[in-house]
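Residue-level listing of the chains:
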Amino acid sequence: MSNRVKILMVGPVNGQLSLLSNKLRTLQKSKAGPFDICICAGPFFHQTTTDNNDNDAVVKKERQTIKDNAASDEKLLLDKSLTFDVPVLFVDAGNGLPTDLQAKIDNVKKRDDAEIDLDDDGDNNGDNKSDGENEAKDNDSNNTPEGLLRISSNLYQLVGGTSTQPQKQQQGGLADIISVPLPLIDNAENGESATTKTRQHATSLTIGFLSSRIRLPCNNFEMKSKHTSFLGCDVLISGEWGQGMSSNKCSALTIDDRNTLFGDDDGGIGNMMGSYDVAELISMSRPRYHIAPGPAIPVRSGSDETVKMRRRFVASLPYRYPDQITSSSHAGRFLACSDVMSPTEVKSLGKSFKFIHAVGIVPLAHMDANDREAAMEKASVVDCPYTDASYDVDAKSKNTIGVGNTNSNIGGLSEAHARRLAQEDATSALGGGGDGAFRWQQTRKRGRDGQGNDDDDAKRQAFEEDNPDNCSLFLHGLHRDPSMTLTMDVLMDAFRPFGCVGIRFPRPKVDQYRHHQQNSAPPSYAFVDFSTHEEASQCLANLKGEAVIRNIMLSLKWSSSGGNKKRMQQQPQMGIPPPPPPRRNRLTESECADSTTLFLRLPPTVDSSSYEKELEFMRLFAQRTMEDELNVGVAADSADRITAADEPALRVQVRQPNAEMNYGFLTFASHAAALTTLVSLTGHEDGGAVSGDKLETAQTLA
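Residues numbered from 1 in each chain as written. Predicted model: local features only at pLDDT ≥ 70, side-chain atom pairs only at ≥ 80, totals over all residues. Heavy atoms only, no water.

### Overview of the overall build of the chain
In terms of regular secondary structure, the chain is built from 18 helices and 27 strands. Expressed as a percentage of the 702 residues in the chain, the buried residues total 49%. Once local pairs closer than 6 in sequence are excluded, the contacts in the chain between residues at least 24 apart make up 75%. Approximately 34100 Å² of the chain is accessible, and the part contributed by carbon and sulfur atoms is 48%. (Helix = DSSP H or I, 4+ residues; strand = E, 2+ residues; numbered from the N terminus. Buried < 20%, exposed > 50% of the residue type's maximum accessible area, 1.4 Å probe, protein only. Contact = heavy atoms within 4.5 Å. Areas by Shrake-Rupley, 256 points an atom, 1.4 Å probe, with all protein chains shown as cover.)

Below, the structure written as structure tokens:
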């Protein structure tokens with residue numbers, strides 16, 4: 001098929017350019033070749049890493065060798081002795097582009113797009129041009145596709161924006177979706193690259209990319225992924241895993257991969273890994289292939305059986321994306337590759353640690369709807385891991401897999417649930433931080449639409465289904481839209497084909513003086529109105545109680561009719577239960593008997609630029625509080641005083657899911673330590689606002 005694209009996917013290169021160049025040259029000449037493009041995830045140039053084995057002599061020697069090889073390869077790349085036979089694309093530059101390469105690129109960027117080179121001799125054959133002018137010509141935007149920055153021959157960095165005006169990296173990181181034309185022609189060497197000789201038919205590849213530690217919002221990425229003509233990414237590159245990939249509810253990882261990464265006894269509870277932000281962006285862009293660095297695990301290698309950290313290759317099962325009201329249907333797959341290694345080590349470790357993987361696909365833009373549906377049906381697909389059902393609450397410690405060499409322990413509940421929990425708290429915030437400013441962390445799953453019994457809710461829904469006067473449906477889940485794009489017009493466009501005649505949002509909340517609250521949270525629900533009961537019933541049946549609009553999962557059910565109370569009183573034989581009690585904003589200590597983590601929310605008066613500083617202050621304050629409880633009667637400057645520096649049981653860790661959120665989590669060594677701190681600061685074992693005298697004491701200590 002002429003539009004079929006052959007892609008090589010590679011893990012972190014970490015400056016080992018010669019090894020990658022040799023591998024690409026071999027594959028390009030093999031029976032599997034030639035290939036159209038090579039895409040790399042993780043640091044491309046050398047990146048300094050640290051872990052617990054920094055003092056190990058073998059580890060230090062190996063890292064020094066990697067660093068020396070990277071420096072040598074960078075020099076070869078600069079003098080054009082090192083080339084790539086396949087166009088190579090990367091996102092993460094590691095510690096940064098080599099100094100000399102960066103200087104040349106900066107020199108090219110200084111040129112004005114309107115400038116025209118003048119040849120004094122009138123000779124336009126280019127023979128008398130200096131090396132600097134040729135370098136500038138090589139980087140001309142006419143040769144480099146938009147969104148790519150040419151580093152060297154057949155080597156490009158994904159930067160978004162345009163080739164002459166790359167997208168500026170925002171506070172939350174760099175994220176964009178671009179279309180890369182194929183063959184990707186590099187005119188630097190003899191007017192053409194290897195791709196022009198091997199590919200006869202032009203096509204294009206839709207590539208999305210996320211920089212390391214990306215954080216929402218990503219306006220440019222979200223805008224493109226929500227466009228009505230967007231079908232999905234062919235390939236998505238990220239430095240982190242998406243949260244939910246390893247949840248036991250999604251079954252996207254094979255049993256062998258799960259046992260290797262987490263052990264074969266997880267107690268039936270999924271080990272959450274990765275980033276919530278990455279998961280949300282994956283759900284928006286719906287990539288056919290998502291590539292990221294593999295997880296680092298200890299392995300024994302060499303004649304001396306030395307234990308080293310090596311990234312493992314992981315390939316998920318194909319998974320389906322949630323049904324969309326307007327979208328294409330295709331399956332997705334996740335790949336995590338190892339670091340680029342020498343052929344000897346690759347052979348020694350085996351295919352479970354391979355750093356390169358090849359696929360051949362027809363881009364989504366060149367497939368019709370039937371082809372995309374057939375491709376998904378042909379694959380053995382499982383449920384999508386990037387939904388609320390997979391953002392499981394886990395009482396165990398959790399791991400984050402990213403670009404580092406080790407997996408960091410973060411503990412607690414899923415970040416998706418934490419963000420929603422914080423939003424719910426904001427609606428009831430009081431002076432000084434609110435009733436739930438300092439409380440037990442969530443350790444059990446809470447109902448999303450109320451705490452009523454499932455049987456009771458089913459009876460109410462059956463009652464409304466038989467009520468001919470009810471022409472409205474209850475739409476819940478609008479709070480899952482962080483950018484608030486689900487406006488009335490968007491919802492009307494989505495439900496109009498089903499006969500919707502109106503969208504109603506709840507009235508804004510008012511205070512005791514009947515004034516509208518200025519900082520109230522956006523509504524989490526709306527009502528969808530129809531002309532007849534039959535149209536509403538048909539819409540509910542067609543959508544099966546769920547709707548995905550702008551990549552946001554919403555639930556749909558019958559609303560409570562206006563005359564509901566009167567009719568239920570007239571028909572007691574139906575056994576309609578009373579409405580469920582209001583949902584609580586916090587848990588009691590008895591419900592958190594095994595928890596070692598406290599939820600902490602800062603007062604709304606704290607400036608967002610001080611969130612990190614204030615959370616660190618509260619961590620030290622909590623740690624000092626435990627020290628005081630243990631050292632009653634002992635002077636603060638006494639040598640007999642026991643401190644967190646001497647006793648690990650007194651240490652406290654702080655975690656802030658997002659720098660823009662005014663909440664965080666304090667993790668203690670034991671439940672007893674957390675309880676002691678909670679009672680001392682709030683005066684109650686279930687938590688609450690920190691007492692005023694404690695805050696005054698804390699300010700004097702600061």
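### Section: helix α17 (residues 671-682)
The end-to-end C-alpha distance of α17, which contains 12 residues, comes to 16 Å, matching closely the 16 Å that a straight helix rising 1.5 Å per residue would cover. Residues His-671, Ala-673, Ala-674, Thr-677, Leu-678, Ser-680, Leu-681 and Thr-682 constitute the buried set of α17. Where α17 ends, the next residue or the one after it, Gly-683, has phi of about 80°, a positive value. (Expected span 1.5 Å × (residues − 1).)

### Notes on unusual backbone geometry
Omega for the peptide link from Gly-33 to Pro-34 comes to -5°, which places this bond in the cis form. With an omega dihedral of 0°, the bond running from Leu-216 to Pro-217 counts as a cis peptide bond. By the secondary structure assignment, Pro-217 is in the loop between β7 (203-210) and α6 (219-225). One non-glycine residue, Lys-80, lies in positive phi territory at about 65°.

### Looking at the pairing of strand β23 (residues 552-558)
On a regular strand, each side chain points to the face opposite its neighbour's, so the side chains alternate between the two faces of the sheet. Both strand β19 (residues 472-476) and β23 contribute to a ladder of 4 bridges, which runs antiparallel. Across the sheet, Leu-473 pairs through a bridge with Trp-558, a residue of β23. Note that strand β22 (residues 546-549) and β23 share 4 bridges and pair antiparallel. Bridge pairing in β23 links Val-548 to Met-553. (Pairing = 2+ DSSP bridges.)

### What about the packing of aromatic side chains?
Counted by the stated rule, this structure contains 15 aromatic pairs. One residue, Lys-6, lies across the ring of Phe-35, its end atom 5.4 Å from the ring centre. It is Lys-354 that lies over the ring of Phe-313; its NZ or CZ is 4.7 Å from the centre. (Phe/Tyr/Trp six-rings, centres within 6.5 Å; stacked < 30°, edge-to-face > 60°. Lys NZ or Arg CZ within 6 Å of the ring centre and 35° of its normal.)

### Structural notes on the sheet that holds strand β4 (residues 148-152)
Taken in spatial order, the 6 strands line up as β4-β5-β3-β2-β1-β15 in an open sheet, and their pairing is mixed. Taken across any chain shown, the strands that pair with only one partner, and hence form the sheet edges, are β4 and β15 (356-361). Strand after strand, the sheet turns through a mean of 25° between neighbouring axes, direction not considered. As paired elements, β4 and strand β5 (residues 155-158) share 4 bridges and run antiparallel to each other. Among the inter-strand pairings, Ser-152 is bridged to a residue of β5, identified as Leu-155. (Axes fitted to C-alpha atoms, helices over the stretch in contact; angles between N-to-C directions.)

### Focus: the sheet that holds β19
Reading across the sheet, the 5 strands line up as β20-β21-β19-β23-β22 and stay open at both edges, with antiparallel pairing between neighbours. In the strand order of this sheet, the two ends are held by β20 (500-504) and β22, each with one partner. The mean inter-strand angle of the sheet, taken between neighbouring strand axes irrespective of direction, is 30°. In the packing of helix α13 (residues 488-495) onto the sheet, contacts are made with β19, β20, β21 (525-530), β22 and β23, and the angle to β20 comes to roughly 150°. In the packing of helix α14 (residues 533-543) onto the sheet, the strands contacted are β19, β21, β22 and β23, and the crossing angle to β23 comes to about 135°.

### Points about the environment of Gly-294
With respect to the secondary-structure elements, Gly-294 resides in the loop between β9 (289-293) and β10 (296-301). Exposure remark for Gly-294: the relative accessible area of 0% places this residue in the buried category. Along the primary structure Gly-294 and Phe-353 are separated by 59 residues, whereas in three dimensions their C-alpha atoms are 8.8 Å apart. In this view, Gly-294 contacts Arg-311, Arg-312, Ala-336 and Cys-337; residues no more than four positions away in its chain are not counted.

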